[in-house]
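# Residue-level structure breakdown
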Amino acid sequence: NDVFLSYARVDNATADDNPAQAWVTQFHRHLEIALSKKAGRLEAMSIWRDSRAIAGNGLFDQMIEQAIQHSAVFVALVSNGYLVSEYCSRELRAFFAKAQTDGGLVVGDRYRIFNVQINQIPPPRWPPEFGRTVGFTFHDAQEDKGEAEPTAASSDLFRYQMRQLVAAIYDTLARLREHRANSEATAQ
């Protein structure tokens, strides 16, 4: 996988149980298409997201662990729900540990963990694994205070925010591939 998408289930819930209208589902699809366009072909980039319903007492299963181990970058959709989810914390910690031994967390001046803020969360509440990054805003707050809702996927603001995120992910993946190619050439 190129991208591991980590999110809280509550952020993909809809009042009418319409999965096509769920925010995380829409975000995933927009990200997939935008990365494909950037690469010049459909399905050029693989994004992994667990869409199964996991029970609260579910184990951090092999499928998730394996997806994390085979992902180049980690995109966290950070919300109030994300911060209280033990599952999301485990995913983040697992990728953080894996990246430290798999080329490092930093490639050039790019960090491999993407902090995508879908609610306005003050930096002191951010997990330490986000390092010194400033993150990507995907909410509609106009100020540094108050409540914020995820940006509507149909809005111009969402499209602008997505362009910024896609450019950063694509650049990071390109730098990571180049770094790995150089490392392999040096090893031979």
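## Some points on the sheet that holds strand S2 (residues 47–48)
Pairing is parallel in the open sheet, where 5 strands are placed in the order S2-S1-S3-S6-S7. Looking along the sheet, the strands with just one partner apiece sit at the ends: S2 and strand S7 (136–137). Of the strand pairs in this sheet, strand S1 (residues 3–6) and S2 are connected by 2 bridges, and their pairing is parallel. Paired with valine 3 across the bridge in S2 is isoleucine 47. Helix H5 (residues 156–187) contacts S1, strand S3 (73–78), strand S6 (113–117) and S7 of the sheet and is inclined by roughly 175 degrees relative to S6.

## Considering the side chain of aspartate 11
As for its placement among the helices and strands, aspartate 11 is situated in the loop between S1 and helix H1 (23–39). Among buried Asp, Glu, Lys and Arg side chains, aspartate 11 stands out as unpaired, with arginine 9 the closest opposite charge at 10 Å. Among all residues touching aspartate 11, those that are not within four sequence positions of it are Trp23, Val24, Leu77, Ser79, Tyr82 and Ile118.

## Considering the pairing of S6
Counted residue by residue, S6 has 5 buried out of 5 residues, so it is predominantly covered. With burial as the criterion, each face of S6 is covered, one bearing Ile113, Asn115 and Gln117 and the other bearing Phe114 and Val116. Pairing of S3 with S6, which is carried by 5 bridges, proceeds in the parallel orientation. Bridge pairing in S6 places phenylalanine 74 opposite isoleucine 113. Pairing geometry for S6 and S7, over 2 bridges, is parallel. Among the inter-strand pairings, valine 116 is bridged to a residue of S7, identified as phenylalanine 136.

Conventions used here
Residues numbered from 1 in each chain as written. Predicted model: local features only at pLDDT ≥ 70, side-chain atom pairs only at ≥ 80, totals over all residues. Heavy atoms only, no water. Pairing = 2+ DSSP bridges. Helix = DSSP H or I, 4+ residues; strand = E, 2+ residues; numbered from the N terminus. Contact = heavy atoms within 4.5 Å. Axes fitted to C-alpha atoms, helices over the stretch in contact; angles between N-to-C directions. Buried < 20%, exposed > 50% of the residue type's maximum accessible area, 1.4 Å probe, protein only. Lys, Arg positive; Asp, Glu negative; His and termini not counted. Salt bridge = Lys/Arg side-chain N within 4 Å of Asp/Glu carboxyl O.

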